[in-house]
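Listed here are the chains, written in short residue letters.
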Amino acid sequence: MRVKRRSIQLMATLAIFIVILFATSTRATADDKVLHSFVSDGADGNNPYAGLIFDAAGNLYGTTSGGGTSGVGTVFELTPAGGGTWTEKVLHDFSNNEGTTPLGGLIFDAAGNLYGTTSRGGNDYGTVFELTPGAGGTWTEKVLHNFDNTDGAYPQAGLISDIAGNLYGTTPNGGTDGLGTVFELTPAGGGTWTEQVLLNFNSTDGANPYGGLIFDAAGNLYGMTFNGGTFNYGAVFELTPAGGGTWTEKVLHNFNNDGTDGVNPDASLVFDGAGNLYGTTSGGGTHGGGTLFELTPAGGGTWTERVAHNFGSGTDGFSPQASLVLDGAGNLYGTTFYGGSYGGGTVFRFNAQGEVLLHSFSGTDGADPNAELILDAAGNLYGTTVDGGTSNKGTAFEITNTPPVAYQFVPVTPCRLIDTRQTGGPIQGGTFRTFPIPQEGGCNIPATATAYSLNVSVVPQGGLGYLTMWPAGVDLRPVVSTLNSLDGRIKANAAIVPAGTSGAVNVYVTQTTNVILDINGYF
């Protein structure tokens, strides 16, 4: 079984830096808050690949791919508590006979029951399960279907339901040709469910659907495959119900590794109000970091694709592996698994004006977001990261929709903060050193400063690949370079660096060098 999300190659380290000095700076209009850091304590879940859902009371629900008492995954609930905190409760610990390693999200029915999939367990090919709430906050799990490979294998996406209560989903493997299926589960008498395979993929029409399905208003199903299609880089497909319970498939777009189009979509699609489809690809595009694309219906039942954004340039995100979410104003929100300022992935917003990065994950607050986001009524975003957090086992997070806050630039007479030739000696190659800026050099920089305007100089002992700086307390080192000195000469550059824990910043060097920091202002 291929677990899709970790198979995308890591992006190359970038070496660019853009120097921008503002008299007044404006903070990004989103703040990140960790609602829960998953831990390895034999009880909590670990490494959530799936997103979250709300109930009517504002509680959040999700799955983890590992952890719990058996180490093979959990279903959990997060409940708001006093003072903006959240309390986690494990609702179910999976075991092999009832399914293991859930990678997809959950859905509710009208009665408050939860439904989802596990990628393994059961007959070893995964399951569809139901969780029913009981007295005293307990939940009871029931396996609705065990996949046996002939009807699909290893489901990695969540389910959707129609108004009759039937469930629909995908498997990336199994079926007639071993290339995956689309299936339907229909409730039958006595609490049983009947499965029907609606489509067996055969490569020509797509292969390996890792994402889930969506409906249009007419009851047609839409999805994507990671591989297959004309060029074997994935396809977008539509399934239309036909007579006698059969379904007819139509390929709407074949992805092509032509240097422009995206390749290998991992996720589901989303409709806008005009009937256009939007999605992401995990690779391809002009920078090789994936794309955000639009498919527009054209005459004669054809669809026209437009690449709306190419990921992978500079500190932009890299490799989006999650579905998009659309708000009422027409903004699209999503995540990238890699990239951003620290390489730990991003949260972004996209509209007609282009892309805006709302957050770069730094490790402490999570890393490697794989799942789609959800919005609350106030426009706040919620999601999960596979890794990072206090135990590096993933997080549940909130990105708060906050108005811009202006930060005033305060100039100071240029003042030397640090000269390692005088104090501390050179920073050894492959290491970093932390400098508490308000306490350095007698420059009287207040502890309330949020960022520093610095001149950074290096006196290398030989060639210096690069130096990079970032706030103390941030786990992941940035993937951007503040300056380079490949020829070993004394070099200088300007940098604006946010203040970290206790106002400190970290300085990392690839080769041993002395470092000089001068300050000319702060925010």
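Per-chain numbering applies: the sequence of each chain, read as written, is numbered from 1 onward. Only residues with pLDDT of at least 70 get local features here, since the model is predicted, and only at 80 or more are side-chain atom pairs given and counted; chain-wide, interface and lining totals rely on the full set of residues. Side-chain numbers here rest on the full set of heavy atoms in the structure, without hydrogens or water.

### Comments concerning the environment of Gly-289
Runs of E in the DSSP output that reach at least two residues are strands. Runs of H or I that reach at least four are helices, and both are numbered from the N terminus. Position of Gly-289 among the secondary structure elements: in the loop between strand E24 (283-284) and strand E25 (291-297). Separated by 22 residues in sequence, Gly-289 and Phe-311 have C-alpha atoms that sit 4.8 Å apart. Throughout, a contact is declared for two residues whenever any of their heavy atoms are within 4.5 Å. Aside from chain neighbours lying at most four places away, what touches Gly-289 is Ser-282, Gly-283, Gly-284, Phe-311, Gly-312, Phe-318, Ser-319 and Pro-320.

### Examining the pattern of salt bridges
One side-chain nitrogen of Lys or Arg within 4 Å of one carboxyl oxygen of Asp or Glu is enough to make a salt bridge. In this structure the tally under the stated criterion is 7 salt bridges. For Asp-124, the salt bridge is made with Arg-120, and the minimal N-O distance between the two is 2.9 Å. Close ionic contact of Asp-518 with Arg-416 constitutes a salt bridge, the shortest N to O distance being 2.8 Å. With a gap of 102 residues between them, Asp-518 in strand E44 (residues 513-522) and Arg-416 in strand E37 (residues 410-419) connect regions that are remote in the sequence. Categorising residues by exposure relies on relative accessible area from a 1.4 Å probe, with only protein chains included: less than 20% of the type maximum marks a residue as buried, more than 50% marks it as exposed, and the intermediate range marks it as partly exposed. Looking at Asp-518, the relative accessible area reads 16%, which means it is buried. Arg-416 gets classed as partly exposed once you look at its relative accessible area, which sits at 43%. If you follow the salt bridges from partner to partner, you end up with Arg-416, Asp-419, Arg-421 and Asp-518 in one network.

### Points about the pairing of strand E23 (residues 277-281)
By the criterion of burial, E23 is predominantly enclosed, with 5 of the 5 residues buried. Both faces of E23 are covered, namely the face carrying Leu-277, Gly-279 and Thr-281 and the face carrying Tyr-278 and Thr-280. We call two strands paired when DSSP finds no fewer than two bridges between them. As paired elements, strand E22 (residues 270-271) and E23 share 2 bridges and run antiparallel to each other. Across the sheet, residue Phe-271 finds its bridge partner in E23, namely Leu-277. In textbook terms, the turn of a hairpin is the stretch between consecutive antiparallel strands, and for E22 and E23 this stretch comprises 5 residues, one of which, Gly-275, has a positive phi near 90 degrees. One ladder, built from 5 bridges, connects E23 with E25; its direction is antiparallel. Bridge pairing in E25 links Thr-281 to Thr-291.

### Focus on the confidence of the model for the protein
Averaged over every residue, the pLDDT of the protein is 92; residues scoring 70 or more account for 94%. Contacts from residues 5-29, a stretch scored under 50 in pLDDT, to residues over four places away or in other chains number 73 contacts. Per-residue confidence from the predictor is given as pLDDT, running between 0 and 100.

### Focus on the side chain of Asp-419
Structurally, Asp-419 is set in strand E37. Judged by relative accessible area, which is 11%, Asp-419 ranks as buried. Beyond its immediate sequence surroundings of up to four residues, Asp-419 is in contact with Val-515 and Ile-516.

### So, the nonpolar core
Within the largest apolar cluster, 26 residues are counted, with the highest numbers of intra-cluster contacts made by Ile-437, Tyr-452, Leu-467, Met-469, Leu-517 and Ile-519. Of all the secondary-structure elements, those providing two or more residues to this core are E37, strand E39 (451-460), strand E40 (464-471), strand E42 (491-498), strand E43 (504-509) and E44. We define the nonpolar core as a collection of buried residues of types Ala, Val, Leu, Ile, Met, Phe, Trp, Tyr and Cys that are connected through side-chain atoms lying within 4.5 Å of one another.

### Here we look at the environment of Thr-434
Mapped onto the elements of the fold, Thr-434 is located in strand E38 (residues 431-436). By relative accessible area, Thr-434 is classed as partly exposed at 40%. Between the C-alpha atom of Thr-434 and that of Ala-378, which follows or precedes it by 56 residues, the distance is 38 Å. There is a polar contact of 2.7 Å between the side chain of Thr-434 and the side chain of Asn-506. Here a polar contact is recorded for every N or O atom pair within 3.5 Å, except that within protein the pair must consist of a potential hydrogen donor and a potential acceptor, and residues adjacent in sequence are included only if both atoms are side-chain atoms.

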